[in-house]
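Coordinate inspection notes
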Amino acid sequence: MLNTDPKKFPEYGYCLYRDVFDQAQVEKMQDVLEVATLAGVDELPKSYGEPHTTDAFWLETCIQPRLLDAVESVLGPNLILVFSSMFIKQPRDENAVCWHQDNTYWSAISGTDVVTVWVALDDVDEVNSCMNVVPRSHAGYRELEM
């Protein structure tokens, strides 16, 4: 069962939002990444860290009103963008990301009033790198003691 009800976010630990970006916005994001490839970069890197800090286009993407509305529906108002990144998986790339909880990697964040937003810029399914979510796996999350 896919959770599409923000009110059930605390129970399931995720919520699926469709059509946050319209087709034109998705195509623009795809084009920006394609231009990077055509601009002499032989191969896109596997990730970009903090693109919103150096590129106005990605900052505008991160603060797109429908995206912020979706995040606000589960966290409430007064949001802070802590980190942005893009993970690029090219066709036929066999690399995988192991199961994990994002909080483990956010040393600057304490508590669990935080979310990751995953935006797929291409169609995804089990064959081409969809993301899997384990509902309720957030329950009982404990911060690591430093």
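Residues numbered from 1 in each chain as written. Predicted model: local features only at pLDDT ≥ 70, side-chain atom pairs only at ≥ 80, totals over all residues. Heavy atoms only, no water.

1. Some points on the side chain of Gln 64
Put simply, the rule reads: Helix and strand assignments follow DSSP, with helices taken as H or I runs no shorter than four residues and strands as E runs no shorter than two, numbered in order from the N terminus. Partly exposed describes any residue whose relative accessible area lies between the buried limit of under 20% and the exposed limit of over 50%, with all areas from a 1.4 Å probe on protein chains only and scaled to the type maximum. Residue contacts follow a heavy-atom distance rule, with two residues in contact if any of their heavy atoms lie within 4.5 Å.
Turning to its location among the elements, Gln 64 is positioned in the loop between α3 (56–62) and α4 (65–75). Among the residues examined, Gln 64 registers a relative accessible area of 9% and is labelled buried. Excluding residues within four positions of it along the chain, Gln 64 makes contact with Val 20, Phe 21 and Gln 25.

2. A word on the nonpolar core
Filter applied, for reference: What makes a nonpolar core is a set of buried Ala, Val, Leu, Ile, Met, Phe, Trp, Tyr and Cys residues whose side-chain atoms join them at distances within 4.5 Å.
Core analysis: the largest hydrophobic core is formed by 10 residues, namely Val 20, Phe 21, Val 26, Met 29, Leu 33, Trp 58, Leu 67, Met 86, Ile 88 and Leu 121. With three residues, the single largest contributor to this core is helix α2 (residues 23–38). Among all residues touching Leu 67, those that are not within four sequence positions of it are Val 20, Phe 21, Thr 61, Cys 62 and Val 117.

3. Quick look at the packing of aromatic side chains
What counts is decided by this rule: Each Phe, Tyr or Trp ring (for Trp, its six-membered ring) is paired with any other whose centre lies within 6.5 Å, and the angle between the two planes then decides the class: stacked below 30 degrees, edge-to-face above 60, tilted in between. Over a ring means this: the NZ of a Lys or the CZ of an Arg is within 6 Å of the ring centre and within 35 degrees of the ring normal.
Under the criterion given, the structure shown has two aromatic pairs. Where Tyr 12 meets Tyr 14, the ring centres are 6.3 Å apart and the plane angle is 75 degrees; that geometry is what we call edge-to-face. On the basis of an interplanar angle of 75 degrees and a centroid distance of 4.8 Å, the ring pair of Phe 57 and Trp 58 is categorised as edge-to-face. By relative accessible area, which is 8% here, Trp 58 ends up buried. Here the guanidinium or amino end of Lys 28 rests over the ring plane of Phe 57, the centre of that ring lying 5.8 Å away.

In short, shape yes, function no, at least from these values alone.
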